[in-house]
Amino acid sequence: MDLECSQLLPALCAALADPRQPLADDTCLEKLLDWLKNVTEIESSLLLLQENPALVELLSHVLKSQDVSPRVLSFSLRLAGTFAAQEDCFLYLQQGELLLGLFGEGGPLCWAAWSVPTVRSGWIQGLRSLAQHPSALHFLVDSGAVDTVLSLQGDPSLFVASAATQLLVHTLALSMQDGAMGCSGLWGGVWPACAQKIVGHVEEFLQSTAAPQVTQALNVLTSTFGRCHSPWTEVLWGQLCPLVAHLLERDPIPSVHSLVDLLLSVARSPALGSSHGGLWEVVAQALRCLSPMQAGPLALGMLKLPHCPQALRTQAFRVLLQPLACVVKANAQVPGSPGWLAGVEDSSLTVDLLLSSKSACVGILCQTLAQLEELQPLPQRPAPWPQEPLLGAAVTILQLCHGAATPSSSGGGRLCATLAGCVRVQRAALDFLGTLSQETCSQELEQQVFAVLSEYLGSPDSSPMVLKKAFQTTLRWLLSSPRTPGCPDLGPHPLLFLRELFPVLQKRLCSPGWEVRDSALEFLTQLSRHWGGQADFRQVLLASEVPTLTQQLLQDPESYVRASAVAAAGQLSSRGLQDAPNSPEHPQTQQGLLGELLRILSTDSEGFPRRAVVQVFTEWLRDGHADVARDTEWFVATVLQVVSRDLDWEVRVQGLELAQVFLVQRLGRPCCPYTVDLPEAVSATPVPEVLQTLCRLQLFDFAFRALLDCDRPVAQKACDLLLFLRDKTTVCSDPQEAGDIPGSASGQITLQRWQDGEQGQLPGDLQPEAVLALLRSTDLEGLQARLSQSSDHVEKSPQSLLQDMLATVGVLGENEADCY
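Residues numbered from 1 in each chain as written. Predicted model: local features only at pLDDT ≥ 70, side-chain atom pairs only at ≥ 80, totals over all residues. Heavy atoms only, no water.

S.K.: Help me out: how do you make sense of the overall build of the protein chain in this one?
M.R.: A count of helical and extended segments in the protein chain gives 42 helices and 0 strands. Taken across its 820 residues, the protein chain has 52% of its residues classed as buried. (Helix = DSSP H or I, 4+ residues; strand = E, 2+ residues; numbered from the N terminus. Buried < 20%, exposed > 50% of the residue type's maximum accessible area, 1.4 Å probe, protein only.)

S.K.: Explain the pattern of salt bridges to me, please; I cannot follow it from the model alone.
M.R.: If the charged atoms of two oppositely charged side chains come close together, the side chains can form a pair. On inspection of all chains with the given rule, the structure shows 23 salt bridges. Linking Asp627 and Arg630 is a salt bridge whose minimum nitrogen-to-oxygen distance equals 3.0 Å. You can see Asp627 and its partner Arg630 sitting in helix H33 (residues 626-630), 3 residues apart, about one turn around the helix. A residue is classified by how much of its surface remains accessible, and Asp627, at 6% relative accessible area, is buried. Counted as one network, the salt bridges with shared partners bring together Arg611, Asp648 and Glu650. (Salt bridge = Lys/Arg side-chain N within 4 Å of Asp/Glu carboxyl O.)

S.K.: Would you take a moment to explain a nonpolar patch on the surface for this structure?
M.R.: Taken together, Trp514, Tyr560 and Phe608 make up a surface patch of nonpolar side chains, about 270 Å² in accessible area. Assignment of secondary structure puts Trp514 in helix H27 (residues 514-531). (Patch = residues over 30% accessible without salt bridge, like charges linked within 9 Å, V, L, I, M, F, W, Y side chains within 5 Å. Areas by Shrake-Rupley, 256 points an atom, 1.4 Å probe, with all protein chains shown as cover.)

S.K.: Hey, could you run me through the environment of Glu388 in this one?
M.R.: For Glu388, the position within the fold is in helix H21 (residues 387-402). In this structure Glu388 touches Cys441, Ser442 and Leu445, once residues within four positions along its chain are discounted. (Contact = heavy atoms within 4.5 Å.)

S.K.: So what exactly am I meant to see when it comes to helix H41 (residues 780-787) here?
M.R.: Since the α-helix turns once every 3.6 residues, residues separated by three or four places project in the same direction. What H41 keeps buried is the set Leu780, Gly782, Leu783 and Leu787. One side of H41 holds all its buried residues, which, seen down the axis, span an arc of 160°. (Arc of directions from axis to C-beta.)

S.K.: What is the right way to read the packing of helix H17 (residues 292-304) against helix H18 (residues 310-331) from this model?
M.R.: A pair of packed helices can be characterised by two numbers: the angle between their axes and the separation between those axes. Contact pair H17 / H18: the axes reach a minimum separation of 9 Å and the direction vectors enclose 135°. In terms of their interaxial angle, H17 and H18 are classed as oblique. As H17 packs across H18, the resulting crossing turns out to be left-handed. On H18, the residues touching Pro292, Ala295, Gly296, Ala299, Leu300, Met302 and Leu303 of H17 are Leu312, Arg313, Ala316, Phe317, Val319, Leu320 and Pro323. Each residue belonging to the contact of H17 with H18 can be placed in one class, and the counts come to 12 nonpolar, 1 polar and 1 charged. (Axes fitted to C-alpha atoms, helices over the stretch in contact; angles between N-to-C directions. Parallel < 35°, antiparallel > 145°, perpendicular 65-115°, else oblique. Left-handed = near helix turned anticlockwise from the far one by under 90°. Nonpolar A, V, L, I, M, F, W, Y, C, P; charged D, E, K, R; others polar.)

S.K.: How do you make sense of the packing of helix H24 (residues 443-458) against helix H25 (residues 464-480) when you look at a structure like this?
M.R.: One can describe the packing of H24 onto H25 by two numbers: an axis separation of 9 Å at closest approach and a directional angle of 150°. Between H24 and H25, the crossing angle belongs to the class labelled roughly antiparallel. Like other packed secondary-structure pairs, H24 and H25 cross with a definite hand, here left-handed. Residues Val449, Phe450, Leu453, Tyr456 and Leu457 of H24 touch H25, and the partners they reach there are Val466, Leu467, Ala470, Phe471, Thr473, Thr474, Trp477 and Leu478. Taken together, the residues that form the contact of H24 with H25 break down as 11 nonpolar, 2 polar and no charged.

S.K.: Which parts of the structure should I look at to understand the environment of Arg427?
M.R.: With respect to the secondary-structure elements, Arg427 resides in helix H23 (residues 423-435). Exposure remark for Arg427: the relative accessible area of 32% places this residue in the partly exposed category. When the C-alpha positions of Arg427 and Cys366 are compared, they lie 8.8 Å apart, and in sequence the two are 61 residues distant.

S.K.: Would you take a moment to explain the side chain of Ser255 for this structure?
M.R.: For Ser255, the position within the fold is in the loop between helix H14 (232-247) and helix H15 (256-268). Ser255 sits in the buried class, given a relative accessible area of 15%. Of note is the side chain of Ser255, whose polar atom sits 3.2 Å from the backbone oxygen of Ala211. With residues up to four places along the chain from it excluded, the contact list for Ser255 reads Ala211, Val214, Thr215 and Leu218. (Polar contact = N/O pair within 3.5 Å; in protein donor to acceptor, adjacent residues only side chain to side chain.)

S.K.: Would you mind going over helix H34 (residues 632-643) with me for this structure?
M.R.: Helix length check: H34 (12 residues) gives 16 Å between terminal C-alpha atoms against 16 Å at 1.5 Å per residue, within 8%. Looking at H34, one finds that the buried residues are Thr632, Phe635, Val636, Thr638, Val639, Leu640, Val642 and Val643. (Expected span 1.5 Å × (residues − 1).)

S.K.: Would you mind going over unusual backbone geometry with me for this structure?
M.R.: The general pattern is negative phi for most residues beyond glycine and trans for most peptide bonds. Put simply, Asp251 and Pro252 share a cis peptide bond, and its omega is 0°. Looking at the secondary structure, you find Pro252 in the loop between H14 and H15. A cis amide bond links Ala383 to the next residue, Pro384, at an omega of 0°. Inspection of the secondary structure assignment puts Pro384 in the loop between helix H20 (358-375) and H21.

These figures capture arrangement, not role.
Here you go:
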């Protein structure tokens, strides 16, 4: 420990022990404890206490005086456990009976402060820290702490109850690690005394008729099999498996969620043998006994396991498919739908039972759709994958929610009434439908998919969230639709769908709801990015009013919509789709768009549209947009002049990105002596000429001001840009030119002023010589390292923490605290 910190500790410990002093907040106590933990990991805890007796005095005072605050008491309990984690320090504290007083039955357990959950939690955490060696294990048993921890499993505070469960698991594992127990951890099948107490407690609670006690026992076992993978866990499961299986015979089955968690934890344990000690039989029984809602997570977990038996995988997959199969069966016009697993449709689970209420119907369908969506991309998913039945089920559910289905039974009619307009199910079904786009299907089913998507996109009843999902799913299906070999254009069905979609898109762009307009613009941007160069798409788009409406939405009253309109208009312009060619109505559309975007960048009061404009301009510069190529230097200078004055740091960061794109185009990519020369898209311009250009555009003025920016991301981006430029001018230029540079004195003066913290005005017209002097004399690497540190890296020092805590109680004099 540092000498300065050691000198501050006595005063701090005295302040913590004095109930009259104002307390430090919980955050400071947590930081203090974390620091002392780090010290004990480096140094001997015993030596630390001997050199700093104030720490022991604090613990002794807390034990003798019961009027300390609950926060300080909890802190002291955790602190004592931290020191006692090392066995020699444990024995040292035991000599004075400090540990027995703090954690024994006569300590805080009998105090009024024990009613505060923070104290009980600190007591458990302290024991958890010290339970690291055989001496601590004997202490836990002899002091009666294990019995207290067993009782705290039922604590009304969930945090205390969870901590007690974790401490029991840790104690059980510690007792099984005793060196005299052999490789199996058992003496002839007999558990060690401490382990026997815990295992006996679990056995008793598993047979209890009280559901909370069953839950406590299951939670202990779940954590045990999740954390402990030694051979003794296989013995433990073999002993308790019959009791767990017996739970499935009760009516009702207690603690279903905890039971499922336990079965999954055991199944994932690498310690169990290939037979898993009867686990598979218990899981099969659970899949038969539990309701579809309860069995779904268990079935999904089994299907994710690579070593699950095939028969059990089939049963688990059948459980997942049953709700969808019942829905399809209730609405099928022709009995029997091919492709389902054998036995799914013939399940005794009827629609009346499955959909007994709206909440049950919505819950089971959303859970099933989400689980199948999670399973679909996994390599261990069941094979063959029933792609077409699942597609049909998703389409049927969407039709039921939309009121477009024609049920063939009374159950189907009830489904229509239950699911009509249900946003949760619509969103889940659309997500699942989008996931299924990764697989192939028949043309008939593809037509059904596009038909139901068209219904949702055009329906006035679709909520904004559902409409957004429908746009996203539509894009995924368009991207995955089969194409003619050798032809990148859209297939006939998607193209026909798009012809019908653009009138709907026009309508959505005029919607009174801003969320709808925003979603439509995002969809249009993606369409143009992927198919803007294809003749059929261009023809359909330019025949509509979509480009004109997009231009109008640049003045939308909602900032999110303006930002999306900027992105959409920029993408359309990049593809030459802003308006029909040779249009007499809008002859200046392209040039007018550049001016409009510059107006938004200069005058828009919201940050989102301005950020979108700079992103579009960066893409235009990178892709060689016609308006940019017409006068690139004017374009870059104009944009940087506006961006440099923007108050939004993200706009300034994006402006620096645009500047870097310009530099790469003029200077080429960074030089590297270990790479072969690669052809550049644009031949690099000589360095002196580029420097003159950059000075003329005032790019350096922008970059150096950004280097001093109060927003760290801006300064980091500027540092990266200047590092790139320095590397290009020093590595790729003539070394003879890098010697003495006229005018470097002024650059050194400017640098010195910056280093001294005098953020004075940089010269408005930096010359190349001064720029090179600044670049070569500035420690950009050091600045980059400093910028990568957190903003409070200085104030996070232990000495600063101790000073701040002492300042709150007035121990330090004026101006002695580091009160940042």
